[in-house]
Amino acid sequence: MAKQDSKKIFFENLSGAGKAIAVLTSGGDAQGMNAAVRAVVRMGLYVGAKVYFIHEGYQGMVDGGDNIQEATWESVSSMLQVGGTVIGSARCKDFRTHEGRLKAAHNLVQRGITNLCVIGGDGSLTGANLFREEWSGLLTELVEQGLIEADAVQRYSALHIVGMVGSIDNDFCGTDMTIGTDSALHRIIEVVDAIMTTAQSHQRTFVLEVMGRHCGYLALVSALACGADWVLIPEMPPEDGWEEKMCQKLSATRSRGTRLNIIIVAEGAIDRHGKPISSSLVKDNRAGMKRLNIIIVAEGAIDRNNKPITTDYIKNLVVKNLGFDTRVTILGHVQRGGTPSAFDRILASRMGVEAILALLETTANTPACVVSLCGNQSVRVPLMECVQTTQEVQKAMDQKRFEDAVKLRGRSFENNLRTYKLLAHRKPESELPISNFNVAVLNVGAPAAGMNAAVRSAVRVGISEGHKMFAVSDGFEGFYKGQIKEIKWSDVGGWTGQGGSLLGTKRTLPAKHVDKIAEQMRKYNINALLVIGGFEAFLSLLELSAARGKFDEFCVPMVMVPATVSNNVPGSDLSIGADTALNAITATCDRIKQSASGTKRRVFIIETMGGYCGYLATVGGLAAGADAAYIYEEQFDIRDLQANVEHLTEKMKTSIQRGLVLRNENSNENYTTDFIYQLYSEEGRGVFDCRKNVLGHMQQGGAPSPFDRNFGTKISAKAMQWLSQKLVESYRRDEGRVFANSEDSCCLLGMRARALVFQPVVQLKEETDFVHRIPKEQWWLKLRPLMKILAKYKTSYDVSDSGQVEHVIHSRPKESDASVAM
C-alpha cells in the first residue's frame, strides 16, 4: 500500500507555536477560494499558530480594526461548498501608495503577524512581494513616528509571503491550473450543453461571450470540451484568409449532415495584421451553413490592432451577411459564481496546507513563493519568476510575437491548442497520408463519462494520420461476434458531451474467445488496437499479449487508455470518468448535508462505489469535507470506529451541526454500511441522529465534466499518435504486414505524477493486486492525512514531495506533457 519510509512531519514536531499567520483574498473572486482559506486556517491552527482573517483584501489590511480578526476552527465550517470568498475581496488603491502600505504594516505588527497567505492574481501577488521588500523600511518609519517600540523591528524583522493563485482565467504562468478555473469551465460547458439541446430544433446562431480579457484559456478549453468547429484566441491569431477557410469548413460539415456548428471567439482575438476579427468574422455562405451556429466570445477578444470584438457586433454581422436568426448570451459573472467543483476544492485544500508548510519552513532569506500545481503534484515556485513570465506573455502579444506568447503560457496551453487543431480541422482527402493501416477502437468494462470524448479523439487523430478506423461495439463480446464497422470523421461529431459509452461496453474478457477474435482480426485486417476502459481492459491486454504465441493476429501494436470511475487501474494516477464521479459525489453530499440545515445535529453515512479502491471515498471525502472515510486500503477495526464516533460526538457537542462519513463499498465485509449506520446511531444517541445513503450508479451517469472531456480527448490523441509510430516501426515490407510482439508494443498510457508514460502491461503485473483489482501503491493515499487534519484528527502528514522550490522554466518535463489532464 502506501510507502512508510518517506520523510514525514508529525503533529508533535511540526510546530507553529509563536507564529501568527494571516490569510486574505484579493482581486477578483474565484470558486475554491473558501476551500483554500479553510485549509490555511485549519492547518495553521493544527500546528499551533495563531491565524487571522483579513477581510476585504488589502483594503482591510490598510483599514485594520475589525477587518483583521482571529480565526477559529469553527469559523471556517460550512464554507467549503460556498463559491466566491466569504472573507471578502476588494481592489485597493490605498495599498498601491507608500502611506497605505505603512498603515498595513502597522496593523500587522500590532497583532504580531509576520506571515501572509495571499490568494489572488498576479497583481495581488506582486503587491505582496513589494510589501515584503519594503517591510524593514516600513518598520523603521513606524519606530521614527513613535507608533511601535524599537525592539519590534528586531522581533518582527522579516515578513514571509506565500501565494496561491485564485483566478478563473488560468492566466498565471508557473502553474497548470489556478483556483477557480475548473469551476468556471463547468459553468461555461453547462450553458453550452443547454444551448445545444434547445437549439437543435431551430435554424439559429448563438453568440456566447466568455471571460478571459487577456487570456484565451477558457475559450480554448471550452472549445475542446464541446467540440467547437472554430476557436479564436488572442495568443494565436488566425492566418490571412481565415474567414474563407472557416466558412468552407462550416459548409463542409453541413454537407456531411452535421446539425450543429460551434465557433468560439476569445474576447481578445485578433488577426495576423492586428485588425479586429469582427471586421470580417463570417462571409455570406448561408447555403453551406449548418442549422445552428454557436459563437463563443471571450470577454477580452481583440484583433491585431487591439481593437475589441463585441458580441453585438458579431450578432449584427451574422444577421446582415447570413440572414440568420441570431441570439447573444453573455455569461458574465455566472462564470465566477456557483459552487466550486470537486477539482477546485481539492486543489485549494492541497494548496492551503502546502502554503502553511512553506511558511513554517521559510527563513529570512527565502524568496516569496507561489504554491502551484504541476501534473498532480503541489510544487513551490518563486513568486516573481511567475509574475515576470506572466507579464512577458502580454509583452509578446503586444509585440505580435504570438508563437512566443503561446510557449510562455506553458505546456498545458500549448498542448490544448495543438490538440484542438488536430481534432477540429479535417484535412482534405488529397492531403491525408496513405498508411493502409486499419485500427480498431473499443470500450471495455463499465461505462465511464469521457469515454466518448476519447473515442472521438482517437477516430479523428487516426483519420488524420491516414488510417482506416474501425469501431467495435460492446467490447470484446462484440469483437468476437463481428460487431465491427468502419467509423468516419463525422460519425463522432457531438460525442464529447455525451455520457456513458455510445459504442457500448461489456466486461467480457477475450481469453475464452481468442480464436474468434483472431478470426475477426484477420477478416478486417486489423493492424492495431486501442482499448479504452478500466481494470477489465488491463486484464484484456494481458490476455491478448499472452495469446501472441498462438495467434499472430495479436502481434500488433496495442495500447490501453484508462477509463473507470473507480480509478483503480495500475500504471496511472488518473482515469477518465473519475472526476465526473467525484463531482457527482460532492454535489450529492452537499445536498444531503443541506437537507439537515436548521434541524438537530445529524450525521450522514454515505456509501460510494469503487470496488476495493478507496479513491472515490477518500478524494470525495476531502472535497465534501467528510469527518471520516473508510476504505479497504487502510484497514480499520471496532476500536477505530469507536474512536471516530467519540471524536464526532465531541465536535457535535461543541460546534458543528452536521457530520459526514463516507464508506467505500468493499472497505470491510463485516463493517458494512448498515453496521456503521447502526453503530453511529446507537453511540451518538442523545447527541446526534443518523441517516444513510447509498449513492449507487448515479456516480457513473451524467454528462462528463470538462476535466474528463479534455483528459479523454488529449490522452487518447497521444495514444493514437503512439500507435501510428509503432505501426511504422513494426511494418515488415518484405512480408507486407505488421508484426509486433515485444513487450513495449502492448502498453498502457497512464499519468505518473507529472508525466504521461507508456508502460508495457506485462511489467505492470508486479504492481498489481489482482485479487482486489487495485494497484499495490496508490498516490492518493497521501491525501488521507490531509483529510483527517482538516477534520481535526491528530495524525502524521507525508511531506516527502514538499519543500522543493522549483523554477518556472524547469518545472515542466521536457518530453511528456504532465499537464495533459488539464
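It should be emphasised that the depicted structure is a prediction, and the values quoted were computed from it without experimental measurement. (Residues numbered from 1 in each chain as written. Predicted model: local features only at pLDDT ≥ 70, side-chain atom pairs only at ≥ 80, totals over all residues. Heavy atoms only, no water.)

Chemist: Please provide a residue-by-residue account of the overall build of the chain, values included.
Modeler: Scanning the chain from terminus to terminus reveals 23 helices and 30 strands. A burial count over the chain gives 63% of its 822 residues as buried. Taking contacts inside the chain between residues at least 6 apart in sequence as the whole, the part at least 24 apart equals 81%. Surface summary for the chain: the accessible area is close to 30,200 Å², and the carbon and sulfur share equals 46%. (Helix = DSSP H or I, 4+ residues; strand = E, 2+ residues; numbered from the N terminus. Buried < 20%, exposed > 50% of the residue type's maximum accessible area, 1.4 Å probe, protein only. Contact = heavy atoms within 4.5 Å. Areas by Shrake-Rupley, 256 points an atom, 1.4 Å probe, with all protein chains shown as cover.)

Chemist: Tell me about the sheet that holds strand β6 (residues 160-165), residues and numbers included.
Modeler: Taking strand neighbours across the sheet as the criterion, the seven strands line up as β4-β3-β2-β5-β6-β12-β13 in an open arrangement whose pairing is mixed. The open sheet has two edge strands with one neighbour each: β4 (68-70) and β13 (377-382). The average angle at which neighbouring strand axes cross in this sheet is 25°, direction not considered. Each of β2 (20-25), β3 (50-54), β5 (115-120) and β6 is contacted by helix α1 (residues 33-46), which is oriented at about 155° to β3, the strand it contacts most. (Pairing = 2+ DSSP bridges. Axes fitted to C-alpha atoms, helices over the stretch in contact; angles between N-to-C directions.)

Chemist: An account of the packing of helix α3 (residues 98-110) against helix α4 (residues 122-144) is requested, with residue identities and associated values reported.
Modeler: Where α3 meets α4, the closest approach of the two axes is 9 Å, and the angle between their N-to-C directions is 75°. For the element pair α3 / α4, the angle class is roughly perpendicular. Along the contact surface, α3 presents His98, Arg101, Leu102, Ala104, Ala105, His106, Leu108 and Val109, while α4 presents Leu130, Phe131, Glu134, Trp135, Leu138, Leu139, Glu141 and Leu142. Among the residues forming the contact of α3 with α4, the class breakdown is eleven nonpolar, two polar and three charged. (Parallel < 35°, antiparallel > 145°, perpendicular 65-115°, else oblique. Nonpolar A, V, L, I, M, F, W, Y, C, P; charged D, E, K, R; others polar.)

Chemist: Quick one: what's the story with the nonpolar core, residue by residue and with numbers?
Modeler: Residues Met164, Ile233, Tyr420, Leu530, Ile532 and Tyr615 are the most contacted members of the largest nonpolar core, which totals 162 residues. Top contributing element to this core by residue count: helix α10 (residues 342-361), with 13 residues. Setting aside anything within four residues of it in sequence, one finds Ile532 in contact with Val441, Leu442, Asn443, Val444, Met451, Ala454, Val455, Val561 and Ala563. (Core = buried A, V, L, I, M, F, W, Y, C linked by side-chain atoms within 4.5 Å.)

Chemist: Residues and numbers for helix α19 (residues 615-624), please.
Modeler: A large share of α19 lies buried, amounting to ten of its ten residues. Buried residues along α19 sit against α10, α18 (578-594), β20 (602-608), β21 (628-630), β22 (658-664) and α23 (784-790). Where α19 terminates, the next one or two residues include Gly625, which has phi positive at roughly 75°.

Chemist: So what about the confidence of the model for the chain? Which residues, and what values?
Modeler: Overall, the prediction assigns the chain a mean pLDDT of 87, with 86% of residues at 70 or greater. Between residues 810-822, whose pLDDT stays under 50, and residues either more than four places distant or in other chains, the model counts 51 contacts. (pLDDT = per-residue confidence, 0-100.)

Chemist: Explain the packing of helix α11 (residues 383-398) against helix α12 (residues 402-409) to me, and be specific about the residues and the numbers.
Modeler: Relative to each other, α11 and α12 sit at 160°, their axes nearing to 8 Å. The orientation of α11 relative to α12 falls into the category roughly antiparallel. Here α11 runs over α12; the crossing is left-handed. Seen from α11, the contacting residues are Thr389, Glu392, Val393, Ala396 and Met397; seen from α12, they are Phe402, Asp404, Ala405, Leu408 and Arg409. Classifying every residue of the contact of α11 with α12 gives six nonpolar, one polar and three charged. (Left-handed = near helix turned anticlockwise from the far one by under 90°.)

Chemist: Can you tell me about the pairing of strand β19 (residues 558-562), naming the residues and giving the values?
Modeler: Taking burial as the measure, the five residues of β19 include five buried ones, the bulk of the element. Of the two faces of β19, both are covered, the one formed by Met558, Met560 and Pro562 as well as the one formed by Val559 and Val561. With five bridges connecting them, strand β18 (residues 528-533) and β19 associate as parallel partners. When the bridges of β19 are listed, Ile532 appears paired with Val561. As paired strands, β19 and strand β26 (residues 746-752) are joined by three bridges and run parallel to one another. Paired with Val559 across the strands is Cys747, a residue of β26.

Chemist: Now, about unusual backbone geometry: what can you tell me, with residues and values included?
Modeler: Residue Glu56 is not a glycine yet carries a positive backbone phi of 60°. Along the chain, Glu56 turns up in the loop between β3 and α2 (57-63). The exposure class of Glu56 is partly exposed, given its relative accessible area of 35%. Although it is not a glycine, Lys400 adopts a positive phi angle of roughly 65°. Mapped onto the fold, Lys400 is located in the loop between α11 and α12.

Chemist: Got a sec to walk through the packing of aromatic side chains? Specific residues and values, please.
Modeler: In this structure the tally under the stated criterion is 18 aromatic pairs. Ring centres 6.3 Å apart and planes at 70° place the aromatic pair Phe535 and Phe770 in the edge-to-face group. Of this pair, Phe535 sits in helix α17 (residues 535-546) while Phe770 sits in the loop between β28 (768-769) and β29 (774-775); the two residues are 235 residues apart in sequence, bridging distant segments of the chain. Under the relative-accessibility criterion, Phe770 is labelled partly exposed at 34%. On the numbers, 6.1 Å between centres and 15° between planes, the contact of Phe538 with Phe770 is stacked. On the criterion of sequence distance, the pair formed by Phe538 in helix α17 and Phe770 in the loop between β28 and β29 is long-range, its members being 232 residues apart. You can call Phe538 buried: its relative accessible area is 0%. Grouping aromatic residues by their ring pairs yields a cluster made of Tyr58, Phe95, Phe131 and Trp135. (Phe/Tyr/Trp six-rings, centres within 6.5 Å; stacked < 30°, edge-to-face > 60°.)

Chemist: Hey, could you go over the sheet that holds strand β23 (residues 689-694) for me, with residue numbers and the actual values?
Modeler: As summarised here, the arrangement of the four strands in space is β21-β22-β20-β23, forming an open sheet in which the pairing is parallel. Each edge of the sheet is formed by a strand with only one pairing partner; in this case those strands are β21 and β23. Across the sheet, the mean angle from the axis of one strand to that of its neighbour is 20°, orientation sign disregarded. Examined bridge by bridge, β21 and β22 share three bridges and lie parallel to one another. Pairing of Tyr630 across the sheet is with Arg663, part of β22.

Chemist: Quick rundown of the pairing of β22? Include the residues and the values.
Modeler: The buried fraction of β22 amounts to six of the seven residues, a majority that puts the element mostly inside the structure. Pairing of β20 with β22 involves seven bridges; the strand directions are parallel. Across the sheet, Phe604 pairs through a bridge with Leu660, a residue of β22.

Chemist: Please give an account of the state of the cysteines that cites residues and values.
Modeler: For the structure shown, the criterion picks out zero disulfides. Between Cys117, a cysteine without a disulfide, and Cys369, which holds the nearest cysteine sulfur, the sulfur-to-sulfur distance is 9.4 Å. (Disulfide = S-S within 2.5 Å.)

Chemist: Which residues make up the pattern of salt bridges, and what are the values?
Modeler: One pass over the full model with this rule turns up 31 salt bridges. When the shortest N-O distance is used, the salt bridge between Arg709 and Asp193 registers 2.6 Å. Of this pair, Arg709 sits in helix α22 (residues 706-730) while Asp193 is found in helix α6 (residues 181-199), placing the two residues 516 residues apart along the sequence. Arg709 gets classed as buried once you look at its relative accessible area, which sits at 1%. (Salt bridge = Lys/Arg side-chain N within 4 Å of Asp/Glu carboxyl O.)

Chemist: Give a detailed account of the side chain of Asp708, specifying residues and quantitative values.
Modeler: Residue placement: Asp708 occurs in helix α22. For the buried Asp708, no salt bridge exists, and the shortest N-O distance to an oppositely charged side chain is 8.6 Å, to Arg709. Setting aside anything within four residues of it in sequence, one finds Asp708 in contact with Ala449, Gly450, Ser575, Ile576, Gly577, Ala578, Asp579 and Thr580. (Lys, Arg positive; Asp, Glu negative; His and termini not counted.)

Chemist: Run through the environment of Val387, naming residues and quoting values.
Modeler: With respect to the secondary-structure elements, Val387 resides in helix α11. Accessibility expressed as a relative area gives 1% for Val387, which makes it buried. Sequence separation between Val387 and Gly174 is 213 residues; the distance between their C-alpha atoms is 8.6 Å. When neighbours within four sequence positions are excluded, Val387 is seen to be in contact with Asp122, Thr126 and Phe172.

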